[in-house]
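A structural walkthrough
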Amino acid sequence: GSGPTAGDPEAIRFDRETAWVDAVPDAVLVAGTDRTIRRVNSQLEALFGYEPGTLVGRSVDDLLSTSTRPVPVGPGATFTGVRKIGGEFPADVAFSQFQTSSGRVTIATVRDMTEWQEARHELARRAEQLAQATEGLERERAERLRTDAELRVAQKLEAVGQLAAGIAHEIN
(Lines give C-alpha, C1' and ligand atoms only; values in the text may rest on other atoms or scores of the structure.)
Protein backbone atom coordinates (compact mmCIF):
# COMPACT_ATOMS: atom_id res chain seq x y z
CA GLY A 1 0.00 0.00 0.00
CA SER A 2 0.91 3.64 0.02
CA GLY A 3 1.44 3.81 3.76
CA PRO A 4 -0.69 5.14 6.58
CA THR A 5 -4.12 6.63 5.95
CA ALA A 6 -5.22 10.03 7.20
CA GLY A 7 -6.45 10.12 10.77
CA ASP A 8 -4.59 7.12 12.12
CA PRO A 9 -1.72 7.70 14.58
CA GLU A 10 0.88 6.49 12.06
CA ALA A 11 -0.33 9.05 9.49
CA ILE A 12 -0.24 11.82 12.08
CA ARG A 13 3.31 10.82 13.11
CA PHE A 14 4.38 10.68 9.42
CA ASP A 15 2.95 14.18 8.84
CA ARG A 16 4.92 15.52 11.83
CA GLU A 17 8.11 13.79 10.66
CA THR A 18 7.83 15.26 7.18
CA ALA A 19 6.38 18.70 8.00
CA TRP A 20 9.71 20.32 7.06
CA VAL A 21 8.86 19.63 3.39
CA ASP A 22 6.46 22.60 3.40
CA ALA A 23 9.25 24.99 4.44
CA VAL A 24 11.66 24.05 1.62
CA PRO A 25 11.80 26.66 -1.18
CA ASP A 26 12.39 24.01 -3.88
CA ALA A 27 9.73 21.66 -5.21
CA VAL A 28 9.82 18.54 -2.98
CA LEU A 29 8.05 15.20 -2.97
CA VAL A 30 8.26 12.29 -0.58
CA ALA A 31 7.55 8.84 -2.04
CA GLY A 32 7.30 5.38 -0.54
CA THR A 33 9.36 2.44 -1.74
CA ASP A 34 6.45 1.53 -4.05
CA ARG A 35 6.86 4.93 -5.84
CA THR A 36 3.58 6.24 -4.40
CA ILE A 37 3.65 9.93 -3.54
CA ARG A 38 3.20 10.35 0.19
CA ARG A 39 3.74 14.10 0.55
CA VAL A 40 4.47 17.14 -1.65
CA ASN A 41 4.90 20.83 -1.03
CA SER A 42 3.03 23.64 -2.78
CA GLN A 43 6.09 24.43 -4.93
CA LEU A 44 5.94 20.93 -6.48
CA GLU A 45 2.18 21.20 -7.07
CA ALA A 46 2.68 24.57 -8.80
CA LEU A 47 5.64 23.30 -10.88
CA PHE A 48 3.65 20.37 -12.24
CA GLY A 49 0.33 22.28 -12.39
CA TYR A 50 -1.67 20.23 -9.88
CA GLU A 51 -4.24 21.52 -7.43
CA PRO A 52 -3.31 21.29 -3.73
CA GLY A 53 -3.76 17.81 -2.29
CA THR A 54 -4.29 16.00 -5.61
CA LEU A 55 -0.88 14.32 -5.94
CA VAL A 56 -0.73 12.33 -2.68
CA GLY A 57 -1.49 8.68 -3.41
CA ARG A 58 -0.57 8.91 -7.09
CA SER A 59 2.47 7.26 -8.67
CA VAL A 60 5.69 9.22 -9.15
CA ASP A 61 5.51 7.95 -12.74
CA ASP A 62 2.53 10.27 -13.36
CA LEU A 63 5.01 13.17 -13.25
CA LEU A 64 7.54 11.67 -15.65
CA SER A 65 7.78 11.39 -19.40
CA THR A 66 7.75 7.77 -20.50
CA SER A 67 11.12 8.42 -22.15
CA THR A 68 12.82 8.89 -18.77
CA ARG A 69 11.31 6.10 -16.66
CA PRO A 70 12.43 4.67 -14.33
CA VAL A 71 14.17 7.46 -12.47
CA PRO A 72 17.60 6.42 -11.25
CA VAL A 73 17.90 6.73 -7.50
CA GLY A 74 21.18 8.41 -6.70
CA PRO A 75 22.59 11.81 -5.81
CA GLY A 76 21.00 13.50 -8.82
CA ALA A 77 19.48 12.90 -12.21
CA THR A 78 17.95 14.74 -15.13
CA PHE A 79 14.60 13.68 -16.50
CA THR A 80 11.66 15.11 -18.40
CA GLY A 81 8.80 16.22 -16.19
CA VAL A 82 5.22 16.21 -17.45
CA ARG A 83 2.82 18.91 -16.32
CA LYS A 84 -0.81 18.08 -15.65
CA ILE A 85 -1.88 19.98 -18.77
CA GLY A 86 0.61 17.97 -20.83
CA GLY A 87 3.64 20.21 -21.32
CA GLU A 88 7.05 18.71 -20.75
CA PHE A 89 10.08 20.37 -19.16
CA PRO A 90 13.67 19.38 -18.34
CA ALA A 91 14.03 18.76 -14.62
CA ASP A 92 17.02 18.33 -12.35
CA VAL A 93 16.22 16.00 -9.47
CA ALA A 94 18.22 15.31 -6.34
CA PHE A 95 17.29 12.21 -4.36
CA SER A 96 17.95 11.08 -0.82
CA GLN A 97 16.63 8.38 1.46
CA PHE A 98 14.94 9.16 4.77
CA GLN A 99 13.81 6.82 7.51
CA THR A 100 10.44 7.58 9.10
CA SER A 101 8.63 5.67 11.81
CA SER A 102 6.46 4.14 9.06
CA GLY A 103 9.38 3.09 6.87
CA ARG A 104 11.96 4.28 4.39
CA VAL A 105 10.99 7.00 1.93
CA THR A 106 12.69 8.72 -0.96
CA ILE A 107 12.83 12.49 -0.93
CA ALA A 108 13.20 14.25 -4.27
CA THR A 109 13.83 17.95 -4.86
CA VAL A 110 12.90 19.04 -8.37
CA ARG A 111 14.05 22.09 -10.31
CA ASP A 112 12.75 23.20 -13.70
CA MET A 113 15.87 23.52 -15.88
CA THR A 114 14.18 25.20 -18.87
CA GLU A 115 15.70 28.64 -18.25
CA TRP A 116 19.09 27.13 -17.41
CA GLN A 117 19.11 25.11 -20.65
CA GLU A 118 18.04 28.15 -22.67
CA ALA A 119 20.80 30.21 -21.05
CA ARG A 120 23.33 27.45 -21.76
CA HIS A 121 22.29 27.35 -25.43
CA GLU A 122 22.48 31.16 -25.65
CA LEU A 123 25.93 31.09 -24.05
CA ALA A 124 27.11 28.47 -26.57
CA ARG A 125 25.68 30.56 -29.44
CA ARG A 126 27.45 33.68 -28.20
CA ALA A 127 30.71 31.76 -27.66
CA GLU A 128 30.53 30.64 -31.30
CA GLN A 129 29.88 34.24 -32.41
CA LEU A 130 32.85 35.39 -30.32
CA ALA A 131 35.08 32.69 -31.83
CA GLN A 132 34.05 33.74 -35.34
CA ALA A 133 34.62 37.43 -34.53
CA THR A 134 38.03 36.64 -33.02
CA GLU A 135 38.97 34.62 -36.10
CA GLY A 136 37.92 37.56 -38.32
CA LEU A 137 39.95 39.99 -36.23
CA GLU A 138 42.99 37.70 -36.41
CA ARG A 139 42.68 37.58 -40.22
CA GLU A 140 42.38 41.39 -40.34
CA ARG A 141 45.40 41.74 -38.04
CA ALA A 142 47.49 39.39 -40.19
CA GLU A 143 46.45 41.28 -43.33
CA ARG A 144 47.29 44.60 -41.68
CA LEU A 145 50.73 43.31 -40.60
CA ARG A 146 51.40 42.07 -44.15
CA THR A 147 50.25 45.39 -45.63
CA ASP A 148 52.36 47.35 -43.12
CA ALA A 149 55.43 45.25 -44.01
CA GLU A 150 54.83 45.84 -47.73
CA LEU A 151 54.44 49.57 -47.05
CA ARG A 152 57.76 49.68 -45.14
CA VAL A 153 59.52 47.91 -48.02
CA ALA A 154 57.98 50.35 -50.52
CA GLN A 155 59.04 53.32 -48.37
CA LYS A 156 62.59 51.97 -48.14
CA LEU A 157 62.70 51.45 -51.91
CA GLU A 158 61.40 54.99 -52.42
CA ALA A 159 64.07 56.35 -50.06
CA VAL A 160 66.78 54.37 -51.90
CA GLY A 161 65.40 55.65 -55.21
CA GLN A 162 65.48 59.25 -54.00
CA LEU A 163 69.00 58.78 -52.66
CA ALA A 164 70.11 57.27 -55.97
CA ALA A 165 68.43 60.12 -57.88
CA GLY A 166 70.17 62.68 -55.64
CA ILE A 167 73.54 61.03 -56.14
CA ALA A 168 72.99 60.82 -59.91
CA HIS A 169 72.01 64.50 -59.95
CA GLU A 170 75.22 65.39 -58.05
CA ILE A 171 77.36 63.36 -60.44
CA ASN A 172 75.83 65.00 -63.49
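Remember, predicted model here, so these are calculated numbers, not experimental data.

**Some thoughts on the overall build of the protein**
A count of helices and strands for the protein gives three helices and five strands. Listed by position from the N terminus, the elements making up the protein come as α-β-β-α-β-β-β-α. By residue count, 27% of the 172 residues in the protein fall in the buried class. In the protein, the proportion of contacts linking residues at least 24 apart, taken out of those at least 6 apart, comes to 34%. Surface summary for the protein: the accessible area is close to 11300 Å², and the carbon and sulfur share equals 57%.

**With respect to the pattern of salt bridges**
One pass over the structure, following the stated rule, counts eleven salt bridges. The residue D22 makes a salt bridge to R39 at a minimum N-O spacing of 2.7 Å. You can see D22 sitting in the loop between α1 (9-17) and β1 (27-32) and its partner R39 sitting in strand β2 (residues 37-40), a full 17 residues away along the chain. In this structure D22 comes out as partly exposed when scored by relative accessible area, which is 44%.

**Side note on the nonpolar core**
Membership of the largest hydrophobic core comes to 21 residues, with the highest contact counts inside it found for L29, L44, F48, L55, L63, V93 and V110. When residues of this core are traced back to their parent elements, those giving at least two are β1, β2, α2 (42-48), β3 (77-82), β4 (88-100) and β5 (103-112). Sort the elements by how many residues they give to this core and β4 lands first, with four residues. Ignoring any residue separated from it by four or fewer positions in sequence, one finds L44 in contact with A27, V28, L29, L55, L63 and V110. Core analysis: the second largest hydrophobic core is formed by seven residues, F14, V24, V30 and I107 among them.

**What to know about the pairing of β1**
Summarising burial for β1: six of the six residues are buried, a large majority. Judged by which residues are buried, β1 turns out to be covered on both faces: A27, L29 and A31 on one side and V28, V30 and G32 on the other are all buried. The pairing of β1 with β5 spans six bridges and is classified as antiparallel. Across the sheet, A31 pairs through a bridge with T106, a residue of β5. Two elements, β1 and β2, share three bridges in a ladder whose sense is antiparallel. In the sheet register, L29 faces β2, and the bridge partner there is V40. Adjacent in sequence and paired antiparallel, β1 and β2 are bridged by four residues, among which R35 carries a positive phi angle near 70°.

**Topic: the sheet that holds β1**
To summarise the sheet geometry, strands pair through backbone hydrogen bonds and adopt either a parallel or an antiparallel arrangement. What the five strands build is an open sheet, ordered β2-β1-β5-β4-β3; its pairing is antiparallel. Taken across any chain shown, the strands that pair with only one partner, and hence form the sheet edges, are β2 and β3. Strand-to-strand twist of the sheet, defined as the mean angle between neighbouring strand axes without regard to direction, takes the value 35°.

Thresholds applied
- Residues numbered from 1 in each chain as written.
- Predicted model: local features only at pLDDT ≥ 70, side-chain atom pairs only at ≥ 80, totals over all residues.
- Heavy atoms only, no water.
- Helix = DSSP H or I, 4+ residues; strand = E, 2+ residues; numbered from the N terminus.
- Buried < 20%, exposed > 50% of the residue type's maximum accessible area, 1.4 Å probe, protein only.
- Contact = heavy atoms within 4.5 Å.
- Areas by Shrake-Rupley, 256 points an atom, 1.4 Å probe, with all protein chains shown as cover.
- Salt bridge = Lys/Arg side-chain N within 4 Å of Asp/Glu carboxyl O.
- Core = buried A, V, L, I, M, F, W, Y, C linked by side-chain atoms within 4.5 Å.
- Pairing = 2+ DSSP bridges.
- Axes fitted to C-alpha atoms, helices over the stretch in contact; angles between N-to-C directions.

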